[in-house]
Amino acid sequence: MGSGPSIPDVSVPRDRVVVVTGGNTGLGYEAAKHIAMMGATVIIACRSEQRAMEAIERMNKEFREAKERGEKNIIQDDKLNVEFMLLDLASLKSTMNFIAMFKSSGRKLHVLLCNAGVGLVVRGYTEDGYEMHFQVNYLGHFLLVAHLLPIMKQSGDDCRIVFVSSSAHEYGNFNLEKAQAKIETDYSRMKYYGNSKMYQIQHMSCLVRRLQDSNVSVTCLHPGIVATEINRNYSDMRCFHGMIRCMNNTGCFKSSYQGAITLIDAAVNPKWKGVNDVYFVKTKPAATASAARNKQYQEDLWKYSLHCLQDYLSDDVISALEGLK
Ligand SMILES: NC(=O)c1ccc[n+]([C@@H]2O[C@H](COP(=O)([O-])OP(=O)(O)OC[C@H]3O[C@@H](n4cnc5c(N)ncnc54)[C@H](OP(=O)(O)O)[C@@H]3O)[C@@H](O)[C@H]2O)c1
């Protein structure tokens, strides 16, 4: 397998609860499966129950095969402790329902892996009227974090929020006035995907400023260029077809397993306990584009996000989020 990064050799207690958004395919699938094989209780938060249940079945099949192969450092239980909860990040109502369902389960929450995403979709809007990349990749996760953070703060040692960003954040072009691409000519798929991935990094820094001396740490990452279903979103782009074929032929793509290593590492490697405000590439801290680190941009985005979500955040939730209580 070469000497690239590898999955950390750790076991995770069953009472450690990990939520993976979009855990039914691609990077989220591999991360959810391997973290469950380490022992954790994993909830995959997905928009399709059918795809999620098929994914859980496949995870268990692959788990049984791994046990038969005698793979080391995996649990020896009969089944993985993986569950499904419904979450459509393109709907603030669905996101609130997920939050209510999670809260009513009375569970703790140790790791929130904000992985679900769309990339390079045609200009489109959610039912809430927000640009698709903006809401699915960024704003929906902002709402999740705002409501689940109080639970994480009460969940004990070493809780982590991990944002799956992308090197595409470098194509981001910070301009909140154009954040919703209301004028058609403002829109470019790469720019809006890049913006959403930059917003995730900015979200991380804003949270870290507000979580001083907390048990919750926040990081983000780029998984590499990975062959996943994300390609489905730009199957209509002829220029991408040629590029993808060429990258496939030359072995430029990582597998989902290889890409997921950085997710798994950030989520469970004890070495990153308490580590904050870091952008991981190949499991190592790396530099981001300077716009992502601009404090004024970060705080402008924070204010704008609170405004977008004003009907979904009570004063109590905002106070807790601002670190005021
Ligand atoms: N692949 C790469 O090269 C690459 C590079 C850098 C960053 N990333 C990031 O990695 C993350 C995972 O992407 P991937 O490559 O694994 O792509 P993928 O195979 O397309 O998986 C994306 C996941 O997000 C879910 N999702 C999409 N829209 C959703 C919504 N409205 N509500 C809830 N879940 C939704 C999908 O669910 P469905 O199956 O129901 O659609 C799927 O589970 C994304 O944030 C992406 O930006 C990927």
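These numbers come from a predicted model, not from an experiment. (Residues numbered from 1 in each chain as written. Predicted model: local features only at pLDDT ≥ 70, side-chain atom pairs only at ≥ 80, totals over all residues. Heavy atoms only, no water.)

K.L.:
An account of the overall build of the protein chain is requested, with residue identities and associated values reported.
P.N.:
Scanning the protein chain for helices and strands turns up nine helices and eight strands. For 325 residues, the compact-globule estimate of 2.2 N^0.38 gives 20 Å, and the C-alpha radius of gyration of the protein chain, at 19 Å, lies within 12% of that figure. Principal-axis analysis of the C-alpha atoms places the extent of the protein chain at approximately 55 × 50 × 35 Å. Split into buried and exposed, the 325 residues of the protein chain put 57% on the buried side. Sequence-distant contacts, at least 24 apart, represent 78% of the contacts inside the protein chain between residues at least 6 apart. (Helix = DSSP H or I, 4+ residues; strand = E, 2+ residues; numbered from the N terminus. Rg over C-alpha atoms; globule rule 2.2 N^0.38 Å. Buried < 20%, exposed > 50% of the residue type's maximum accessible area, 1.4 Å probe, protein only. Contact = heavy atoms within 4.5 Å.)

K.L.:
Give me the lowdown on the sheet that holds strand β4 (residues 111-114), citing residues and values where you can.
P.N.:
A sheet is described by the order of its strands in space; here eight strands give the open sequence β3-β2-β1-β4-β5-β6-β7-β8, paired in mixed fashion. Each edge of the open sheet is held by one strand with a lone partner, namely β3 (82-86) and β8 (284-286). If you compare each strand with its neighbour and ignore which way they point, the axes differ by 25° on average. Docked against the sheet, helix α1 (residues 26-38) engages β1 (17-21), β2 (41-46), β3 and β4, running at close to 160° with respect to β2. (Pairing = 2+ DSSP bridges. Axes fitted to C-alpha atoms, helices over the stretch in contact; angles between N-to-C directions.)

K.L.:
Quick one: what's the story with the site of the ligand, residue by residue and with numbers?
P.N.:
Taken together, the neighbourhood of the ligand is formed by 30 residues, with Arg47, Arg51, Tyr193, Val226 and Thr228 sitting nearest. Backbone polar atom of Asn115 to an oxygen atom of the ligand: 2.8 Å apart, as the coordinates give it. Between the ligand and Val226 there is a distance of 2.7 Å, counted from an oxygen atom to a backbone nitrogen or oxygen. When the free accessible area of the ligand is taken as 900 Å², the share hidden by the protein chains comes to 97%. Contributing elements (two or more residues each) for the shell around the ligand: α1 and α5 (189-210). Broken down by class, the residue content of the shell around the ligand amounts to 13 nonpolar, eleven polar and six charged. (Near = heavy atom within 4 Å. Polar contact = N/O pair within 3.5 Å; in protein donor to acceptor, adjacent residues only side chain to side chain. Areas by Shrake-Rupley, 256 points an atom, 1.4 Å probe, with all protein chains shown as cover. Nonpolar A, V, L, I, M, F, W, Y, C, P; charged D, E, K, R; others polar.)

K.L.:
Kindly report on the pairing of strand β6 (residues 216-222), identifying the contributing residues and their values.
P.N.:
Among the seven residues of β6, seven are classified as buried, and the element is accordingly described as predominantly covered. Residues Val216, Val218, Cys220 and His222 of β6 are buried on one face, and the alternating residues Ser217, Thr219 and Leu221, pointing to the opposite face, are buried as well. Pairing of strand β5 (residues 159-164) with β6, which is carried by six bridges, proceeds in the parallel orientation. Within β6, the position partnered with Arg160 by the bridge is Ser217.

K.L.:
Residues and numbers for the pattern of salt bridges, please.
P.N.:
In this structure the tally under the stated criterion is 15 salt bridges. Between Lys33 and Glu62 there is a salt bridge, and its shortest N-O distance comes to 2.7 Å. With a gap of 29 residues between them, Lys33 in helix α1 and Glu62 in helix α2 (residues 49-68) connect regions that are remote in the sequence. Among the ionic pairs, Asp186 bridges to Lys178, the shortest N-O distance being 3.5 Å. Judged by relative accessible area, Asp186 falls into the buried class, the value being 13%. (Salt bridge = Lys/Arg side-chain N within 4 Å of Asp/Glu carboxyl O.)

K.L.:
How would you summarise the packing of aromatic side chains if you had to cite specific residues and measurements?
P.N.:
According to the stated counting rule, one finds twelve aromatic pairs in the structure shown. Between Tyr130 and Phe134, the ring centres sit 5.9 Å apart and the planes meet at 45°, which makes this aromatic pair tilted. Judged by its relative accessible area of 14%, Tyr130 falls in the buried class. Through pairs of rings, three or more aromatic residues link up here, namely Tyr130, Phe134, Tyr138, Phe142, Phe174, Tyr199, Tyr297, Trp302 and Tyr304. Stacked on the ring of Tyr29, the Lys or Arg Arg58 has its end atom at 4.1 Å from the ring centre. If you follow Arg210 out to its NZ or CZ, it ends over the ring of Trp302, 4.0 Å from the centre. (Phe/Tyr/Trp six-rings, centres within 6.5 Å; stacked < 30°, edge-to-face > 60°. Lys NZ or Arg CZ within 6 Å of the ring centre and 35° of its normal.)

K.L.:
Break down the nonpolar core for me, with residues and values.
P.N.:
With 62 residues, the main nonpolar core has Phe98, Phe102, Leu109, Ile161, Phe163, Tyr199 and Leu207 as its most contacted residues. Membership of the second largest hydrophobic core comes to 44 residues, among which are Ile7, Ile44, Ala66 and Val162. (Core = buried A, V, L, I, M, F, W, Y, C linked by side-chain atoms within 4.5 Å.)

K.L.:
Please set out helix α4 (residues 132-153) residue by residue, giving values where relevant.
P.N.:
A rise of 1.5 Å per residue sets the reference length of α4, with its 22 residues, at 32 Å; its end C-alpha atoms lie 30 Å apart and thus fit the reference within 8%. The buried fraction of α4 amounts to 19 of the 22 residues, a majority that puts the element mostly inside the structure. (Expected span 1.5 Å × (residues − 1).)

K.L.:
Talk me through the packing of α1 against helix α7 (residues 256-268); I want residue IDs and the actual numbers.
P.N.:
The geometry of α1 relative to α7 is characterised by a closest axis approach of 8 Å and an angle of 55° between their N-to-C directions. In terms of orientation, α1 lies oblique with respect to α7. Here the hand of the crossing between α1 and α7 comes out right-handed. From α1, Gly26, Leu27, Glu30, Ala31, His34, Ile35 and Met38 reach across to α7, where they touch Ser256, Tyr257, Gly259, Ala260, Leu263, Ile264, Ala267 and Val268. Among the residues making up the contact of α1 with α7, the classes are represented as ten nonpolar, four polar and one charged. (Parallel < 35°, antiparallel > 145°, perpendicular 65-115°, else oblique. Left-handed = near helix turned anticlockwise from the far one by under 90°.)

K.L.:
Explain the environment of Gln76 to me, using residue names and the numbers behind them.
P.N.:
Position of Gln76 among the secondary structure elements: in the loop between α2 and β3. Assessed through its relative accessible area of 57%, Gln76 is described here as exposed. Measuring from C-alpha to C-alpha, the distance between Gln76 and Gly39 comes to 9.1 Å, with 37 residues separating the pair along the chain. At a separation of 3.3 Å, a polar atom in the side chain of Gln76 contacts the main-chain carbonyl oxygen of Ile74.

Fair warning: the whole summary comes from geometry, so function is off the table for now.
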